[in-house]
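# Notes for the structure review
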Amino acid sequence: AQKVTQAQTEISVVEKEDVTLDCVYETRDTTYYLFWYKQPPSGELVFLIRRNSFDEQNEISGRYSWNFQKSTSSFNFTITASQVVDSAVYFCALSGGGSYIPTFGRGTSLIVHP
Amino acid sequence: GAGVSQSPSNKVTEKGKDVELRCDPISGHTALYWYRQSLGQGLEFLIYFQGNSAPDKSGLPSDRFSAERTGGSVSTLTIQRTQQEDSAVYLCATSPRRTDTQYFGPGTRLTVL
């Protein structure tokens, strides 16, 4: 069975702080995909990144960066110099291998105060 | 191009009534998922369609819930004899392939009085 754990239920930071959202996953599959989605207060989930299990290169996109470590089964997401517009619920998800039904974590609510 | 659309955006109904929620996928996306998200909660998988294959209904919470996908395109989620605990946001997501990135619609907020 697959499992995604986002241990941080809610994080509160002040604008311009860096913040890391943790994601730990469990799977017996050797081929799988990891995702991060953002759900702003408006409600619509927005895709941020997709990473396959064979690519452990970290990725940076503007203020966003992702650290994928198979050794610790983690796929953490860092926002540098956070902004109020980053306030949202962020979901980590896992799919592929033997299951075509993605498994989502429970989400981390990020609140960025001005 | 156009994204996933859902209608209605909001639905208020009385307990015991039936409701239909619609999802229009991105053209060419063969995989379609329905999820339910209760206030402040994560995503609860309901049902999955892949092409013309039989749907995976393993997430449907009761036999009051059903879904169809006509012609591999538009999908309708039907809830019969709605209960107050059915109140939630119902999200539709589609993807080009079953393990690929999911693109979500804006959701339908269902309120059962």
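Going by the structure above, here's the rest.
Below: a short report on this structure. Please read these numbers as outputs of a predicted model, since none were measured by experiment.

What counts, and where the lines are drawn
- The residue numbering used here restarts from 1 in each chain and proceeds along that chain's sequence as written.
- Starting at A for chains and at 1 for ligands, labels are handed out in the order in which the entities are written.
- Whole-chain, interface and lining totals are the exception, using all residues; otherwise, since this is a predicted model, local features are given only for residues with pLDDT of at least 70 and side-chain atom pairs are given and counted only at 80 or more.
- To obtain the side-chain values, all non-hydrogen atoms of the structure were included, while hydrogens and water were left out.
- For every residue, the accessible area (1.4 Å probe, protein chains only) is compared with the maximum for its type, and the residue is labelled buried under 20%, exposed over 50%, or partly exposed between those bounds.
- We count a stretch as a helix when DSSP gives it H or I for four or more residues in a row; a strand needs E for two or more, and each element gets its number in order from the N terminus.
- Any two strands are treated as partners once DSSP identifies two or more bridges connecting them.
- Note on contacts: a residue pair is in contact if any heavy atoms of the two residues lie within 4.5 Å.
- Once two parts are brought into contact, the accessible area they lose, counted with a 1.4 Å probe and summed over both, makes up the buried area.
- When a carboxyl oxygen of Asp or Glu is within 4 Å of a side-chain nitrogen of Lys or Arg, the pair counts as a salt bridge.
- Pairs were defined over the aromatic rings of Phe, Tyr and Trp, the Trp ring being its six-membered one, requiring ring centres within 6.5 Å. Orientation was assigned from the angle between planes: stacked under 30 degrees, edge-to-face over 60, tilted for the rest.
- As a rule, the C-alpha atoms of each element are fitted with a line to give its axis, helices using only the stretch in contact, and angles between N-to-C directions run from 0 to 180 degrees.

### Details of the pairing of strand β5 (residues 33–39) of chain A
Residues and elements named next belong to chain A. Summarising burial for β5: seven of the seven residues are buried, a large majority. Along β5, one buried face is formed by Y33, F35, Y37 and Q39 and the opposite face, lined by L34, W36 and K38, is buried too. Pairing analysis gives six bridges linking β5 to strand β6 (residues 46–52), with the strands arranged antiparallel. Bridged to K38 within β6 is V46. Linking two consecutive strands that pair antiparallel, namely β5 and β6, is a turn of six residues; a positive phi of about 105° is found at G43 within it. Two elements, β5 and strand β10 (residues 88–96), share seven bridges in a ladder whose sense is antiparallel.

### Here we look at the interface of chain A and chain B
In this assembly, 16 residues from chain A lie in contact with 19 residues from chain B. Between chain A and chain B lies a buried interface of about 1,600 Å² when both sides are counted; carbon and sulfur atoms form 60% of it. Taken as a group, L45, Y100 and I101 of chain A account for 35% of the area that chain A buries against chain B, more than any other trio of residues on that side. The interface formed by chain A and chain B contains zero salt bridges. Of all elements in the fold, only β5, β6, β10 and β11 (99–104) of chain A reach the threshold of two or more residues within the side of chain A that touches chain B.

### Structural notes on the packing of aromatic side chains
Evaluated as defined, the whole model comprises 19 aromatic pairs over all chains. A centroid spacing of 6.0 Å and a plane angle of 85° characterise the contact between Y64 of chain A and W66 of chain A, whose relative ring orientation is edge-to-face. Assessed through its relative accessible area of 15%, Y64 of chain A is described here as buried. For W66 of chain A, a relative accessible area of 4% corresponds to the buried category. Chaining the aromatic ring pairs together yields one cluster made of F35, Y37, F47 and F104 of chain A together with Y33, Y35, F45, Y48, Y103 and F104 of chain B.

### Some remarks on the sheet that holds strand β7 (residues 75–79) of chain B
All names here are of chain B. If you trace the four strands from one edge of the open sheet to the other, you get β1-β3-β7-β6, paired in antiparallel fashion. With partners counted over all chains shown, the strands left at the sheet margins are β1 (5–7) and β6 (65–69), one partner each. Across the sheet, the axes of successive neighbouring strands diverge by a mean angle of 15°, strand direction being ignored. Where β6 and β7 come together, five bridges link them in antiparallel fashion. If you follow R69 over to β7, its bridge partner there is S75.

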